[in-house]
Amino acid sequence: MTTYSIKNNKEKHYAVLEVKGHSGYKEYGSDIVCASISTACIITANLIDKLDLRYNILDLVCDEGYFRLQVNTTDSVTMKVFDNLIETLESIEEQYPKYLKMKN
C-alpha cells in the first residue's frame, strides 16, 4: 500500500507532502494506481519548475517508492499547484482505498 502525509507549518511558511511505498494493485509495470500516483507527483514538481517557481521548492526527493516535496507557502501559485496534487491524491484514494491512504 502507498501512504501519503501532509504537514503544513504556517508559522515557518512551508508545506510538505510525503508519499511512500508501492500500491500493490498489480505487478510492476501493470500497476495503474502506482503509475497514477507517480505521474501526479512528477507532474507537480515539473510544473512548479516550468512556471519558473523553483525557488519555492525547499526540498524535492523523487526515488523508487518515495516522493517528498516541501514548498514555500507564501506564493499563491505554488500553493495552488501543491493543493492540486493533494486533491489528485485524494481522488485516487477515493477510487482505490485499499491501495492509497492518507497517514496522519
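Residues numbered from 1 in each chain as written. Predicted model: local features only at pLDDT ≥ 70, side-chain atom pairs only at ≥ 80, totals over all residues. Heavy atoms only, no water.

Engineer: Mind laying out helix α1 (residues 32-50), listing which residues take part and the relevant values?
Structural biologist: Structural remark: α-helix, 3.6 residues per turn; residues separated by three or four positions point the same way. If you check α1, its first and last C-alpha atoms are 26 Å apart, about what 19 residues at 1.5 Å a residue would give, namely 27 Å. Listed as buried for α1 are V33, C34, I37, A40, C41, T44, A45 and I48. On an axial view of α1, the arc spanned by its buried residues comes to 140°, and they lie on one face. Of the residues in α1, the exposed ones pointing more than 90 degrees away from the buried face are I43 and K50. Those residues of α1 that are buried are in contact with β1 (2-9), β2 (14-20), β3 (57-63), β4 (66-72), α2 (76-95) and β5 (100-102). (Helix = DSSP H or I, 4+ residues; strand = E, 2+ residues; numbered from the N terminus. Expected span 1.5 Å × (residues − 1). Buried < 20%, exposed > 50% of the residue type's maximum accessible area, 1.4 Å probe, protein only. Arc of directions from axis to C-beta. Contact = heavy atoms within 4.5 Å.)

Engineer: Can you tell me about the side chain of N56, naming the residues and giving the values?
Structural biologist: Here N56 lies in the loop between α1 and β3. Residue N56 is classed as buried on the basis of its relative accessible area of 2%. When sequence neighbours within four positions are dropped, the list of residues in contact with N56 reads Q70, V71, N72, D75 and T78.

Engineer: Can you break down the confidence of the model for the protein residue by residue, with the values?
Structural biologist: When pLDDT is averaged across the protein, the result is 94; 100% of the residues are at 70 or more. β3 is the least confidently modelled element of the protein, averaging 94 in pLDDT, while β5 averages 97, the highest of any element. (pLDDT = per-residue confidence, 0-100.)

Engineer: Run through the packing of aromatic side chains, naming residues and quoting values.
Structural biologist: The final tally for this structure, using the stated rule, is 2 aromatic pairs. An angle of 75° between the planes, with centres 5.3 Å apart, marks the rings of Y25 and Y96 as edge-to-face. Of this pair, Y25 sits in the loop between β2 and α1 while Y96 sits in the loop between α2 and β5; the two residues are 71 residues apart in sequence, bridging distant segments of the chain. The class of Y96 is partly exposed, set by a relative accessible area of 22%. A ring pair is formed by Y25 and Y99, whose centres lie 5.1 Å apart and whose planes are at 90°; its orientation type is edge-to-face. In this pair, Y25 is assigned in the loop between β2 and α1 and Y99 in the loop between α2 and β5, connecting sequence segments 74 residues apart. For Y99, a relative accessible area of 23% puts it in the partly exposed group. Put simply, the rings of Y25, Y96 and Y99 pair up and form one aromatic cluster. (Phe/Tyr/Trp six-rings, centres within 6.5 Å; stacked < 30°, edge-to-face > 60°.)

Engineer: Talk me through the nonpolar core; I want residue IDs and the actual numbers.
Structural biologist: Membership of the largest hydrophobic core comes to 22 residues, with the highest contact counts inside it found for V19, I37, F82 and L89. When residues of this core are traced back to their parent elements, those giving at least two are β2, α1, β4 and α2. Sorting elements by how many residues they give to this core places α2 first, with 7 residues. Setting aside residues no more than four positions away along its own chain, I37 makes contact with T2, V19, L89, I92 and L100. (Core = buried A, V, L, I, M, F, W, Y, C linked by side-chain atoms within 4.5 Å.)

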